[in-house]
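Listed below, chain by chain, are the residues.
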Amino acid sequence: MKPSMITKLANLSERLDEVNRLLSSEDATSSMDNYRKLTREHAEITPIVEQYRTFVQTEADIAEAQKMLSDPDMKEFAQEEIDHGKEKLIAVETELQKLLLPKDPNDDKNIFLEIRAGTGGDESGLFAGDLFRMYSRYAERQGWKVEVMSANESEIGGYKEIIAKVVGQGAYSKLKFESGGHRVQRVPDTETQGRIHTSACTVAVLPEADEVSDVVINPADIRIDTYRASGAGGQHINKTDSAVRITHAPTGIVVECQEGRSQHANKAQAMAVLAARIKAKQVDEQQSKIASERKSLIGSGDRSERIRTYNYPQGRITDHRINLTLYKIDAITEGDMDELIGALSAEHQADLLASLGEDN
């Protein structure tokens, strides 16, 4: 392990002792804000320090076993202890590296999920519906709430565009790798010759901004239009101009919302989506500068980048970023996405570890 990492871990170990003393003091709860900060810090650094102390103890055990090598009666036992200790050191060091990786500040946030039909006409709209169903089922398995904010249904089913808010712990951390182009290959119901058609959709996963104030939006930069909502929604929907469209001039971002039952509710929802999109644009610009010399293995997250193909005749899903093919298309499209998401997260983690090694 690098000396710089050892020093950092030793400092964290001392800090944990200090936090424990502060939390056990009589006036620990005199300031609840400070108490919450301390408990959060305690939870964050405890697993790191525990691994570090295991590492130190294992090193000490190896050193002790090496002293016994000179004793003929203990040599075999000592060598076994040394070999076991070295294996354990490698495992502990790997775990420590993972624990020390920088955390994405958006990982625990709710998300806005946007799915848009692309090439392929009606079939693309049906595929957009299938994708929305897949993510909704996955959200159900996680105990998350899915709230449709805007939906433009296609003529034969599915969606030309759908925007939903997904509320739940860790929603962004699980779904952040879904942004990009999704392609489907299958025989449409309307195809009489049995030919396989290819169509596509784009998916965008945006972390919710903490507050609209998290993004500065100048009122002079936006235009708000109201119009009569269309589609299902009850009798009121054809009588009031409750739907809202917001245009942000500096970025050209346009947000529409019509699912709420009042103009006020739709405006609030549209402003939240606008803030998230502006924030995502700012983050994308920052990350493109940082990653100009090094592209993540997971991909850029660009919506135009083709990331995954769903091949129904062969029953397979292929993620092109990590060359992973799974022959379980029915299960995955019903929301069983754990293996797919786990593989993407593992690859991302490996890439972060590699960059950590380059930086040190």
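Residues numbered from 1 in each chain as written. Predicted model: local features only at pLDDT ≥ 70, side-chain atom pairs only at ≥ 80, totals over all residues. Heavy atoms only, no water.

Colleague: Now, about helix H2 (residues 32-67): what can you tell me, with residues and values included?
Modeller: Along an α-helix, residues three or four apart share an orientation, since each turn contains 3.6 residues. The end-to-end C-alpha separation of H2 is 51 Å, in line with the 52 Å expected for 36 residues at 1.5 Å each. Within the sequence span of H2, burial applies to Leu38, Ile45, Thr46, Ile48, Val49, Tyr52, Phe55, Thr58, Ile62 and Ala65. Buried positions along H2 lie against helix H1 (3-24) and helix H3 (75-99). (Helix = DSSP H or I, 4+ residues; strand = E, 2+ residues; numbered from the N terminus. Expected span 1.5 Å × (residues − 1). Buried < 20%, exposed > 50% of the residue type's maximum accessible area, 1.4 Å probe, protein only. Contact = heavy atoms within 4.5 Å.)

Colleague: Describe in detail the side chain of Thr309, supporting the description with residues and values.
Modeller: Within the element layout of this structure, Thr309 appears in strand S9 (residues 306-311). Judged by its relative accessible area of 1%, Thr309 is buried. In this structure the side chain of Thr309 is engaged in a polar contact, spanning 2.7 Å, whose partner is the side chain of His320. The residues touching Thr309, leaving out its near neighbours within four places in the chain, are Arg183, Gln185, Arg316, Ile317, Thr318 and His320. (Polar contact = N/O pair within 3.5 Å; in protein donor to acceptor, adjacent residues only side chain to side chain.)

Colleague: Requested: an account of the packing of H1 against H2, with residues and values cited.
Modeller: At a closest axis distance of 8 Å, the pairing of H1 and H2 adopts a crossing angle of 135°. With respect to each other, H1 and H2 are oriented oblique. In terms of crossing hand, the pair formed by H1 and H2 is left-handed. Between H1, through Ile6, Leu9, Ala10, Leu12, Ser13, Arg15, Leu16, Asp17, Val19, Asn20, Leu22 and Leu23, and H2, the contact on the second element is made entirely by Tyr35, Leu38, Thr39, Glu41, His42, Ile45, Thr46, Ile48, Val49, Tyr52, Arg53 and Phe55. (Axes fitted to C-alpha atoms, helices over the stretch in contact; angles between N-to-C directions. Parallel < 35°, antiparallel > 145°, perpendicular 65-115°, else oblique. Left-handed = near helix turned anticlockwise from the far one by under 90°.)

Colleague: Break down the side chain of Arg116 for me, with residues and values.
Modeller: In this structure, Arg116 sits in strand S1 (residues 111-117). Of note is the side chain of Arg116, whose polar atom sits 3.0 Å from the side chain of Glu114.

Colleague: Break down the pattern of salt bridges for me, citing the residues and quoting the values.
Modeller: Overall, the coordinates contain 23 salt bridges when judged by the stated rule. Residue Glu339 pairs with Lys328 through a salt bridge whose shortest N-O separation is 3.1 Å. Taken together, the residues span a long stretch of sequence, with Glu339 in helix H8 (residues 338-359) and Lys328 in the loop between strand S11 (324-326) and helix H7 (329-333) at a distance of 11 residues. Exposure remark for Glu339: the relative accessible area of 43% places this residue in the partly exposed category. When its relative accessible area of 26% is taken as the criterion, Lys328 is described as partly exposed. (Salt bridge = Lys/Arg side-chain N within 4 Å of Asp/Glu carboxyl O.)

Colleague: Could you give an account of the nonpolar core, with specific residues and numbers?
Modeller: Grouped together as the largest cluster of nonpolar side chains are 32 residues, with contacts concentrated most on Ile111, Leu113, Ile115, Leu131, Tyr135, Leu175 and Tyr310. Elements with a contribution of two residues or more to this core: S1, helix H4 (122-142), strand S3 (159-167), helix H5 (171-175), strand S5 (197-207), H7 and H8. Considering each element in turn, this core owes the most residues, eight residues, to H4. If we ignore the near neighbours within four places in the chain, the residues touching Leu113 are Tyr135, Ile162, Ile163, Ala164, Val166, Val203, Ala204 and Val205. Grouped together as the second largest cluster of nonpolar side chains are 20 residues, Ala209, Val215, Ile253 and Val255 included. (Core = buried A, V, L, I, M, F, W, Y, C linked by side-chain atoms within 4.5 Å.)

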